[in-house]
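This is what each chain is made of:
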Amino acid sequence: MLIGKRVGGKGLPRPNLMNPPKWTVTLMNLKKTKIWRETRQKEVLLQGVGNCLFLAVSQAIENSGGGAHNHRSVRAAAVTHLRKHAAKYALFWDGLRPDGTKMDSISLESFLKYLDLVGEVGAWAGNLEIAALASTLDRPITVLHEHGQVYQFNAEGSKKDLFLFYQTCGHYECLKTTPGAALALRAKSSPGKTAGGR
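Every value quoted in this text rests on a predicted model; they were computed, and no experiment measured them. (Residues numbered from 1 in each chain as written. Predicted model: local features only at pLDDT ≥ 70, side-chain atom pairs only at ≥ 80, totals over all residues. Heavy atoms only, no water.)

Draft legend 1. How the structure looks around the overall build of the chain. Summing up its helical and strand segments, the chain has 8 helices and 8 strands in all. Across the 198 residues in the chain, those meeting the buried criterion constitute 48%. Surface exposure of the chain reaches about 9600 Å², of which carbon and sulfur atoms provide 56%. (Helix = DSSP H or I, 4+ residues; strand = E, 2+ residues; numbered from the N terminus. Buried < 20%, exposed > 50% of the residue type's maximum accessible area, 1.4 Å probe, protein only. Areas by Shrake-Rupley, 256 points an atom, 1.4 Å probe, with all protein chains shown as cover.)

So, in structure tokens, the structure goes:
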């Protein structure tokens, strides 16, 4: 069952996050890949329609010993950082709204409107917000994609790493890793992209 169609982007349907077995099929396919076997990851299923990135980061912070954070405070930290450094991040913004539709223009003014939209609870977020969180939290954030690509944001962060899993339908999960798995993911990672990931 689908919750609706994603507007814009690839026109992919948004998954029904209240039905975790749909994720299990994708995760079972991923678990057949070499990188999954090598790192032996464990996913933490979340049911955060539109909030999944921020829920995943808050769970990852807690798993790394950083205390409990709710998704609203994590979202606020990302948006505050993006506003503070708007002139810099606007250059990397893909010109899309959180729902994947195009904004009227790509300008600093449009970027600030985008930040108003992505600051709302339930708004989808992606790579730009991960880059902002990695910077403001001073933590490396490593994202394993369902097809095996690995991207790392802020590799030089001084605090403990955070690990996320991304599905191409736009859903994020927190990954629990062993020290060996974390090392393998870091070794296979490429620098994180700032566009997309919603």
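Draft legend 2. Layout of the pattern of salt bridges. Counted under the stated rule, the structure contains 3 salt bridges. One salt bridge connects E109 with K113, and the closest N-O pair in it is separated by 3.7 Å. Linking E109 with K113, this pair stays in helix α6 (residues 108-118), spanning 4 residues, or about one helical turn. For D161, the salt bridge is made with R186, and the minimal N-O distance between the two is 2.6 Å. Of the two residues, D161 sits in the loop between β5 (150-153) and β6 (162-167) while R186 sits in helix α8 (residues 179-188), which places them 25 residues apart along the sequence. Given the relative accessible area of 19%, D161 is considered buried. (Salt bridge = Lys/Arg side-chain N within 4 Å of Asp/Glu carboxyl O.)

Draft legend 3. How the structure looks around the pairing of strand β7 (residues 171-176). With 5 of its 6 residues buried, β7 lies for the most part within the structure. In sequence, β6 turns back onto β7 through a hairpin of 3 residues, with G170 there showing a positive phi of about 100°. (Pairing = 2+ DSSP bridges.)

Draft legend 4. Structural detail: the packing of helix α3 (residues 52-63) against helix α4 (residues 71-84). For the pair α3 and α4, interaxial distance at closest approach is 8 Å and the crossing angle is 105°. Between α3 and α4, the interaxial angle falls into the category roughly perpendicular. Every residue of α4 that contacts α3 at F54, L55, V57, S58 and I61 is listed here: H71, V74, R75 and A78. (Axes fitted to C-alpha atoms, helices over the stretch in contact; angles between N-to-C directions. Parallel < 35°, antiparallel > 145°, perpendicular 65-115°, else oblique. Contact = heavy atoms within 4.5 Å.)

Draft legend 5. Region of interest: the side chain of H71. Within the secondary structure, H71 sits in helix α4. For H71, a relative accessible area of 13% translates into the label buried. H71 has contacts with N51, F54, L55, S58 and V121, leaving out every residue within four places of it along the chain.

Draft legend 6. Looking closely at the confidence of the model for the chain. In this model, the chain carries a mean pLDDT of 81, and residues with pLDDT of at least 70 account for 76%. Note on residues 1-32: pLDDT is under 50 here. Beyond four places in sequence and across chains, it has 66 contacts. (pLDDT = per-residue confidence, 0-100.)

Draft legend 7. The packing of aromatic side chains, seen in detail. Tallying each qualifying case throughout the model produces 4 aromatic pairs. Relative to Y114, the ring of W93 has its centre 5.4 Å away and its plane inclined at 40°; by these criteria the two rings are tilted. Of the two residues, W93 sits in the loop between α5 (86-89) and α6 while Y114 sits in helix α6, which places them 21 residues apart along the sequence. Y114 carries the same exposure label as W93, and that label is buried. In textbook terms, an aromatic cluster arises when at least three aromatic residues are bridged by ring pairs, as seen for W93, F111 and Y114. (Phe/Tyr/Trp six-rings, centres within 6.5 Å; stacked < 30°, edge-to-face > 60°.)

Draft legend 8. Examining the pairing of β6 more closely. In terms of burial, β6 is largely enclosed, as 6 of its 6 residues are buried. Burial along β6 is two-sided: the residues L162, L164 and Y166 and F163, F165 and Q167 are all buried. Alignment of strand β4 (residues 141-145) against β6, held across 5 bridges, turns out to be parallel. Bridge pairing in β6 links I141 to L162. Relative to β7, β6 runs antiparallel, the two sharing 4 bridges.

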